[in-house]
Amino acid sequence: MNKKHLIICVIIFIISFFLYSLTSGTSVSFGDSGEFICGAYNFSQLHPPGYPLYSILGKVFTLFPIGGIAWRVNMMSVFFASLTLVFLYIITFHVTEDLFSSLMSVIIFMFSLTFWSYSHFAKGYTLNLFLLSVLIFCAWKYKDNNKYLYLWGITFGLSLTYHYQSMVILIPAFLYMFSITRKPSVREISITLLLIITGLTPYLFLPLRATPDRYHWGDPTTISGFIEMVTGKIYGWHNATERTGITHTVKQLKLYGTFMIKEFNCFGILLGLSGCIFLAKKHVKIFIFTLIIYITNVFLISYLISTEIELFLEAILPGFFLPSHLIFALWAGYSIFEISKKIKMKPLIYLLLLVPVLSLIFNYPLCDQSNNYIASDFAKNCLLTPEKNSILITAGDNDTFPLWYVQQVEHMRQDIKILSIGLIGEPYYHKYLKDRMNLKLDDTEFSDKAEFLVRFIQKNRDRKIYLTYHGAVKLPPSIILAPRGILYEVLSPNKINDLNICSSLFEKTYLLRGITDKSVYKDLLTSTMMGPYAMGLYELGVLYMDGNMPDKAEKTFKTVRNIDYSERHDIKEEFDKALDLQEAHIALIKEKYDKALHLLEGEEEFLKNNPAFYLVRAGAYRGKKDYNKAFQDINYALTLDPKSAKAYLELGKLHYEQNNIKEAIYKIAIALQLDPALPTGHYWLGRVYAKCNLKEKAVEEYGKELNLNNTYAPATEGIKEILKTL
């Protein structure tokens, strides 16, 4: 490489490093990020196959005395992303021997959505892509010097210690390239194989760093455990193809098509496809080599990568397709090279700069994560909620890994024991829970995770047990939960206590940065984690409603509506329906009956099985003196929930307004028997008693209402009115 190209490579590295570090996140993100930071910081293995190379290199980056630990590990992704772009320039120039087209290939890839977004946080995709770019470079240079075959061997061995599956499937491409350049000698093959084996030595890291004080995904200190770890048996990889097939693969190929439009925009797609055609005509061997990489990556990844949760398929797939994106950027660069030769007015070729410029304009807002603290705040909020020495049950990666990071790296709330539902069933994890976390487990076999959780809760009732939002949905209805901000506690609900705790958490304790800020882009995983906040705030609003504080409830519901759900429109739609009902209820309290009925228009189909819908509408009908419709709705609500205290209270109100005092007392008494703490129940019974001049009983009931809610003004006013008559 001459001095000119060396300078260009340095410039590419500096510019890309500056851009990616400028837009990089400063803390943890959702997905694997928290686990990867912990692995680097603790110098420990990650989930299967262990990713020892990442942990070793990540540890080096944690030693730099700049920024926090999370930011340092994030910079590792930035570093290898920038190196990948340097090698893409070298590779493209090797094909085109043209500076402009080579730089265009780099710029197009630099601004592509997935590559840019994966350069931000502690995930190993950029490391994987860097190793692939080195392998491609060595395969092409082998014809000039056999030392490149040796460099290929050691690099390939190292690549197998990160994500070997994505590299193994590319072996046919490299075998083809070596076969068409010059046939390696037996000595060269032997040395290369030895270097590949040498490159595998980071796998020794797995048993050497399997310390008993931390969970390390199985037991790699034994031969069988080591094999299970590396092959991913304990992670369910051996069952992956059972969930795949032609239909599944075709579906994921369609997803790939949508990803490509987002990656390169329509103009970039045209450049890549035309470049592929140009390359097939001018450089058949290089075309076949790149095509094999492209096809094996796209088709085999589409077939092999699977998850039981279809939603997260869209979240994890783009990163696995990055090798094909690298090849596509190379094709785009070659297309520009061929087009530039055919254009007579050379300045026109610079119009092609519009392709990466458009990507920059569209992708910058999506890739700027410099102000995204949502995952870090979520983890801290979860740990700030439980009482001391509690157990916190989490669901999957999004719930668990950010909490691992905050506990292990930032050393926050280490008194809390975290149990991940996703790891239930893994024998070594059960051993770790018992031996290292001192949790009580039922060793008998269980049919599913729900059964395990029920037994676990029963055995550990001497400790406070909390669950995340996604963990709570895994429990059967027999387990009673009380809301605790964005968590739930295994405890019978107490509305007054629940309101005090939840309001304090949201108003005084929680960090809520970015959840309503649309300028902070939220990918699919982050958008999904808006659900716990929406549900926690929604339940707080309901508690305010039950506590007769409609103004505070209205403000809280407004926050729920303003949450930026971004990629999860389905969550937004679900909460919007529920919020319409609550806003109708608030309108009813404020005696805006027409507004309440307007908000409920068209909602019956969606809320037809929700008794609250019919009770709110009945209240609006009662306010408009349409008693027949009100009775119909209340009776239907009772068919849905025969023990609804609120329904009997509404019946009592109806009878009261129709001067049927005896029936009003009877219905309200039933309501209070069903729920002695029913909001406004005692107040309405007091009103009925006052109407029939039973003043002492009325004052008594008003007093009971004030005991439940000492700020309820109507009860206070009721007592004052009676006192005036004495």
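Figured I'd write up the structure that's included with this text. It should be emphasised that the depicted structure is a prediction, and the values quoted were computed from it without experimental measurement.

Before going further, it helps to spend a moment on the overall build of the protein. When its secondary structure is counted, the protein shows 36 helices and five strands. C-alpha atoms of the protein, sized along the principal axes, occupy 110 × 65 × 50 Å. Counting every position in the protein, which comprises 726 residues, the buried fraction comes to 56%. Surface accessibility of the protein: about 31,700 Å² in total, with carbon and sulfur atoms responsible for 61%. Distance from the positive charge centre (74 side chains) to the negative charge centre (66 side chains) of the protein: 6 Å.

Right, let's get into the sheet that holds strand S2 (residues 417-420). Taking strand neighbours across the sheet as the criterion, the five strands line up as S2-S1-S3-S5-S4 in an open arrangement whose pairing is mixed. The strands lining the two open edges of the sheet, one partner per strand, are S2 and strand S4 (481-484). Geometrically, the sheet is characterised by an average inter-axis angle of 30 degrees between neighbouring strands, direction not taken into account.

With that settled, the discussion passes to the packing of helix H25 (residues 530-546) against helix H26 (residues 550-562). Contact geometry for H25 and H26: axes closest at 8 Å, N-to-C directions at 165 degrees. As the angle between them shows, H25 and H26 are arranged roughly antiparallel. The element H25 and its partner H26 pack so that their crossing is left-handed. Of H26, the residues touching H25 (which contributes Ala-534, Leu-537, Tyr-538, Leu-540, Gly-541, Val-542, Tyr-544 and Met-545) are Pro-550, Lys-552, Ala-553, Thr-556, Phe-557, Thr-559 and Val-560. Of the residues that constitute the contact of H25 with H26, the class distribution is eleven nonpolar, three polar and one charged.

Of the two faces of strand S1 (residues 391-394), the one holding Ile-391 and Ile-393 and the one holding Leu-392 and Thr-394 are both buried throughout. Bridge count for S1 against S2 is four bridges, and the pairing is parallel. Residue pairing in the sheet places Ile-391 in a bridge with Lys-417 of S2. Since S1 and S2 lie parallel, the crossover through helix H19 (residues 397-408) that links them has a hand, and here it is right-handed. As defined by bridge partners, S1 adjoins strand S3 (residues 465-468) across three bridges and the pair is classed as parallel. The residue bridging Ile-393 from the neighbouring strand is Leu-467, located in S3.

This part takes up a nonpolar patch on the surface. On the surface, Tyr-350, Leu-353, Val-357, Ile-361 and Phe-362 cluster together into a nonpolar patch covering about 490 Å² of accessible area. Tracing the sequence through the fold places Val-357 in helix H17 (residues 354-367). Of the residues examined, Val-357 reaches a relative accessible area of 37% and is grouped as partly exposed.

Below, the discussion takes up empty space enclosed by the protein. Going through the model one piece at a time under the given rule, you end up with one cavity of 30 Å³ or more. For the largest cavity, the calculated volume is near 30 Å³. The wall of the largest cavity is formed by Leu-88, Ile-91, Ile-136, Leu-326, Ile-327 and Leu-330. At the level of elements, helix H4 (69-96) and helix H16 (322-342) are the ones that each hand at least two residues to the lining of the largest cavity. Considering every element that reaches the lining of the largest cavity, the biggest residue donor is H16, with three residues.

Tracing the chain through its elements places Glu-35 in helix H2 (residues 33-42). It turns out Glu-35 is buried and unbridged, and the closest side chain with the opposite charge, Lys-123, is 11 Å from it. When residues no more than four places from it in sequence are discounted, the contact partners of Glu-35 are Leu-46, His-47, Trp-217, Phe-401 and Trp-404.

Moving on: the pattern of salt bridges. Going through the model one piece at a time under the given rule, you end up with 36 salt bridges. Of the charged contacts in the structure, one is a salt bridge between Lys-590 and Glu-554, with a shortest N-O distance of 2.9 Å. Of the two residues, Lys-590 sits in the loop between helix H27 (569-589) and helix H28 (593-600) while Glu-554 sits in helix H26, which places them 36 residues apart along the sequence. Classification of Glu-554 as partly exposed rests on a relative accessible area of 35%. Each of the salt bridges in this network shares a partner with another, and the network as a whole consists of Glu-387, Lys-464, Arg-484, Glu-489 and Asp-498.

Among the secondary structure elements, Ile-496 is positioned in helix H23 (residues 495-509). Overall, Ile-496 belongs to the partly exposed group, its relative accessible area being 40%. Put simply, Ile-496 and Leu-708 are 212 residues apart on the chain and 7.8 Å apart in space, counted from C-alpha to C-alpha.

Conventions we followed
Residues numbered from 1 in each chain as written. Predicted model: local features only at pLDDT ≥ 70, side-chain atom pairs only at ≥ 80, totals over all residues. Heavy atoms only, no water. Helix = DSSP H or I, 4+ residues; strand = E, 2+ residues; numbered from the N terminus. Buried < 20%, exposed > 50% of the residue type's maximum accessible area, 1.4 Å probe, protein only. Areas by Shrake-Rupley, 256 points an atom, 1.4 Å probe, with all protein chains shown as cover. Lys, Arg positive; Asp, Glu negative; His and termini not counted. Charge placed at Lys NZ, Arg CZ, Asp CG, Glu CD. Pairing = 2+ DSSP bridges. Axes fitted to C-alpha atoms, helices over the stretch in contact; angles between N-to-C directions. Parallel < 35°, antiparallel > 145°, perpendicular 65-115°, else oblique. Left-handed = near helix turned anticlockwise from the far one by under 90°. Contact = heavy atoms within 4.5 Å. Nonpolar A, V, L, I, M, F, W, Y, C, P; charged D, E, K, R; others polar. Right-handed = clockwise from strand over helix to strand, strands pointing away. Patch = residues over 30% accessible without salt bridge, like charges linked within 9 Å, V, L, I, M, F, W, Y side chains within 5 Å. Salt bridge = Lys/Arg side-chain N within 4 Å of Asp/Glu carboxyl O. 1 Å grid on protein atoms, 1.4 Å probe; cavity = no way out; pocket = protein on both sides within 12 Å on 5 of 7 lines; lining within 4 Å. Points joined across faces, edges and corners; volume = space filled by probe spheres on them.

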